[in-house]
Amino acid sequence: MKPNSLDYEQQLKQLKKENRILTKKLQRSQERQIQLEETNQKKESLLKRVILDLEESRDVAEQRTIKLSEALAQLKTTQEQLIESEKMAALGNLVAGVAHEINTPVGNSVTAASTLAEETTSFTTSVMAGQLKRSTLNNYLDLATEASEIILSNLQRAGELIQSFKQVAVDRTSLERRTFGLKSYLSEILVTLEPQLKKTPHQVSVTGDETIHINSYPGAFAQIVTNLITNSIAHGYPTNQSGVIQLDIRHESQQIVIQYQDDGCGIESQYLNNIFEPFFTTNRDGGGSGLGMHIVYNLVTQKLKGTIKVTSQVNLGTIFTIVLPLSDF
Amino acid sequence: MFKVVVGHSNDPDSVEAVAEVLEQCLESLAEITPQAGILFAAVDFEHSLILQEIYAQFPDLELIGGTTDGEISSVLDFQQDSLTLMLFCSDEIEFCAGVGTQASQDSLAAAQAAIKQATSKSKQKISLISLCITLPDGLTSSGVTIIKALKQELGSNLPIVGGLTADGGKYHKTYQFYNQEVLSDSIPIMLFSGDLLISCGVNSGWNPIGKKSTITKAEKNIIYEIDHQPALDFYQHYLGDLSPSIEYPLAVFEPDNKHFYMRAPISHDATQGSITFFGDLLQGAMVQMTEGNCDGILNSAELSMQEALNDYPGTHPDAALFFSCTARRQILSSRAEEEYKFAKKHFNAALPSCGFYTYGEIAPLESHGSTLFHNETFITLLLGTK
Ligand SMILES: Nc1ncnc2c1ncn2[C@@H]1O[C@H](COP(=O)(O)OP(=O)(O)O)[C@@H](O)[C@H]1O
Ligand SMILES: [Mg+2]
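This write-up is about the structure you can find in this document. From a predicted model like this one, the values you see are computed outputs, not experimental measurements.

1. Digging into the interface of chain B and chain A
Here is step 1: Across the boundary between the two partners, chain B contributes 34 residues, which contact 21 residues of chain A.
Here is step 2: Summing the contributions of chain B and of chain A, the shared interface buries around 2,500 Å²; its carbon and sulfur component is 51%.
Here is step 3: One salt bridge connects D81(B) with R28(A), and the closest N-O pair in it is separated by 2.8 Å.
Here is step 4: When residues of the side of chain B that touches chain A are traced back to their parent elements, those giving at least two are α1 (14–29), β14 (206–219), α5 (231–239), β21 (286–292) and α7 (326–332) of chain B.
Here is step 5: In terms of residue count, the dominant contributor to the side of chain B that touches chain A is β21(B) (four residues).
Here is step 6: Taken together, the residues that form the side of chain B that touches chain A break down as nine nonpolar, 15 polar and 10 charged.

2. A look at the sheet that holds strand β26 (residues 378–385) of chain B
All names here are of chain B.
Here is step 1: An order of β5-β4-β23-β22-β26-β13 is seen for the six strands of this open sheet, with the pairing classed as mixed. The open sheet is flanked by β5 (77–79) and β13 (196–203), the only strands paired with a single partner. Taking each pair of neighbouring strands and ignoring which way they run, the sheet shows an average axis angle of 15 degrees.
Here is step 2: Across six bridges, the pairing between strand β22 (residues 319–325) and β26 is antiparallel. Directly across from F323, in β26, lies its bridge partner I379.
Here is step 3: Those strands touched by helix α6 (residues 294–311) are β13, β22 and β26, and its axis lies near 150 degrees from that of β13.
Here is step 4: Across the sheet, helix α8 (residues 336–344) touches β4 (71–73), β5, β22, β23 (353–358) and β26, and the angle it forms with β5 is around 160 degrees.

3. Examining the packing of aromatic side chains
When we look at a pair of aromatic rings, we describe it by the centre distance and by the angle of the planes.
Residue and element names in this part refer to chain B.
Here is step 1: Scanning the entire structure with this criterion turns up 22 aromatic pairs over all chains.
Here is step 2: In textbook terms, an aromatic cluster arises when at least three aromatic residues are bridged by ring pairs, as seen for F2, F88, F95 and F192.
Here is step 3: Sitting above the plane of the F253 ring, K212 keeps its charged end 4.2 Å from the centroid.

4. Looking at the site of ligand 1
Residue and element names in this part refer to chain A.
Here is step 1: Around ligand 1 sit 18 residues, and of these H235, T281, T282, G290 and M293 come closest.
Here is step 2: Separating an oxygen atom of ligand 1 from a side-chain N or O atom of N231 is a distance of 2.8 Å.
Here is step 3: Separating a nitrogen atom of ligand 1 from a side-chain N or O atom of D262 is a distance of 2.9 Å.
Here is step 4: Notes on ligand 1: free accessible area 530 Å², of which the protein chains cover 94%.
Here is step 5: Sorting the residues of the shell around ligand 1 by element identifies α4 (218–236) and α6 (292–303) as the ones contributing at least two each.
Here is step 6: For the shell around ligand 1, the element with the highest residue contribution is α4, accounting for four residues.

Conventions used here
- Residues numbered from 1 in each chain as written.
- Chains lettered and ligands numbered in written order.
- Predicted model: local features only at pLDDT ≥ 70, side-chain atom pairs only at ≥ 80, totals over all residues.
- Heavy atoms only, no water.
- Contact = heavy atoms within 4.5 Å.
- Buried area = accessible area lost by both parts, 1.4 Å probe.
- Salt bridge = Lys/Arg side-chain N within 4 Å of Asp/Glu carboxyl O.
- Helix = DSSP H or I, 4+ residues; strand = E, 2+ residues; numbered from the N terminus.
- Nonpolar A, V, L, I, M, F, W, Y, C, P; charged D, E, K, R; others polar.
- Pairing = 2+ DSSP bridges.
- Axes fitted to C-alpha atoms, helices over the stretch in contact; angles between N-to-C directions.
- Phe/Tyr/Trp six-rings, centres within 6.5 Å; stacked < 30°, edge-to-face > 60°.
- Lys NZ or Arg CZ within 6 Å of the ring centre and 35° of its normal.
- Near = heavy atom within 4 Å.
- Polar contact = N/O pair within 3.5 Å; in protein donor to acceptor, adjacent residues only side chain to side chain.
- Areas by Shrake-Rupley, 256 points an atom, 1.4 Å probe, with all protein chains shown as cover.

The structure is reproduced here in C-alpha cells:
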C-alpha cells in the first residue's frame, strides 16, 4: 500500500463518520424544532394567561376599592346624618326650654288676669247694688293698674322670649346670612339657654366690644355657643361647684376674636388633641355622643372660615379661642 | 492515587463510538487499569454491544450507567446521540456496583438488593462508604420513592447523587446498565468507600408564576385535584390545550410558604383529569405554576458549579459529574451547549468531567445534608482525594 492510499482510507473513514453524525443531527434538529415550537407555544400561552389573570385580579382589586370607597361614603353620610340629628336634638332641647321659659311670664299673666277678672266681677256687683264706696273704687283701680302692669310686662317678656327663640331656632336650621350685632346676639343666645343655666349655680356673661356688627351666619354662632356652654355645664363642673363662664369679643386688626372661658375642671392634656374628633367623648356612659365639639370645629373652620384653639389646665379651666377673619364679613 | 479519565464519541454507530471512546480512555489511562466506570449513552445505541466491547477491554470493571437525553463531557462538551464513559482508578478508594430490579413492584426490595450486591463485594467496612451514585429508572417508579428506599438502607447522612435515566424525550422506556447487563425498571448503584472528598451544587433557575393553589387530592406521585378542580384543568388554564410536560413543573412550597422545590409532570390522564409526576406530592401542599427561561437556566448552571466549588473540602477536585434536567435542554434548545460552558467558567477545562440530561436529579441540598429528589436542576458533583 502506498502511503497516500492509507491517508485516503483514513479520510474516507473520517468522512463516513461525519456523514453519520450529520444525518443524526439533522434528524435531531427536526425533532428539536417541533419540541421547541411546542415549548414556545406553551410559554406564550402561560404568559398570556398569567397576564390575563393579573389583569383580572387588578380588576377585582379595583372593584374592591370602589366598594370600599362606597362604604366609606356611606359611612360619611351616616356620620353627617348623626351630626344632623345631634343638631336636631339640640333644637328639640331648645324648644323644650322655650316652652318652659315662656311658662313663667304667661303663668304670671294668667294669675294677674284672673285676679283682675275676680276683682272686676265683685266690683261690678257692688256698682249694680249701688253700694259703691270711694275706697272700694280706689282699691279696685289700684289693683287693676297693678294687674295690667304685671300682665303687660309679662306678656312683653314672653314676646321677647319668643322673638329671640324664634330667631335662634330659625338661624340654627336655616343658617342664613345676615348682618347682626355680635354682642347682643350672643346675649340673645344666652337667654335661650336660660332654662339649662337656671338649674346650675354658674354665672355666664358676655363682655367686649358692642359695636361689632358682622354679616355672617348667626345660626352658626348660636350652635357654637350652645355647644360650648352645654359642655361646660356637662363636663366642667363635676362636683357642682359654681362656675364663672365668660364670653369676650374683641376686634383685632383684620380679625374678630371670640374668647370663651370657663373655670371648671379643665381637659387632661392627653385628650386635648382629640376633643374635636367626631365621636370623641369622655362621657359615653352619660350619653355623650362626642359630636358637639366636632360640630363646633366644622362650623368655625368651614362655615365661618376661621380657626378654633383650645387651651386648658386641669382644675383651672378651659379656654376656647375662635378667630374669625374680618374680610369675610 | 485517584485518577479519572473520560472518553466521548458522537459517532452514531455503536461499534465506532465505543471504539473511539475506549481509544481516548486508554490513551489517558497510560497503562493504569481502571476499577470502575460510569457510562452515559443515547438511547438509540446498541447498548449490549457497547458494554461487550468495554468489558473486552476491562474485564474486571465495576460499571453502572444508563440512557440519556443528551450527554456532556470535558472531551466533546455538550452532545446529543453520543456515548461518554468516565473511568476511575484508585488504590485508596474502593468502588462497588450493584443493581436491584423490578423497582416498580417493590422499590425498597430493589434498593436493598442493589446495596447488598454492592456491599457483598466490598472488603471495606460499611461505615467507610462515602458516596452513592445512582441512575434509576424514573419512568417506572417515582424518584422520591427510590430515594426513600435507598436512604432507608444507607442512612440519611450518606450523600446519594445521580439522575433518572432518560430516553431522548420519548418518555417510553429508559435503560440502566450494570456491568454488562442492560436493564429497565432497575436501580443501579455505585458505592465509593474510603477517603473521598466530595461536594455538591444544586440550582434550578425556574421561578413560580401565576396564582398559588392547593393540592386538594393526591396520592403518591399523582395529583387528582388542585383547588378542588381536576389537576389537568389547572395546567390547561395556563397551557391551553397543550399537555403538561417536564418543562412546566409545579413549585411545591414548604410550610414556610417561601422555599419551594419542583415536581415535573411525566404524563396525564385526560379522562380522569389527573397528572402523574416524577416525584411524590403531598395533599394540602401549596403549588404554583413555574416558568424557566434561557438566562435563568444558564445562570443557574454557573451558580450550581460555584456552590460546589465553594463547598469543596480539598484544594482541587479530580473529577466532576453533572446531572442536568432534560427540561433545561429542551428550553435552551439551540443554546443547550452553552449550559456546560457556563458551568465550566469556574474550573480548569482539563478537569475530567462527564454528565447527562436526566428525567430527575438526585442530590443533597447541602453537600452533607440529606438527599432530595429534584426536577429542573443542574447538579454538580465534585470528586477528589486529599
Ligand atoms: N368645657 C369643657 N370642660 C371639660 N371638658 C370638656 C369641655 N368641653 C369639652 N370637653 C371634653 O371634650 C369631649 C368632647 O365634647 P363633645 O364633642 O361635645 O362630646 P360630648 O359632650 O358628647 O362628650 C367631652 O366628652 C369632654 O371630655
Ligand atoms: Mg357635648
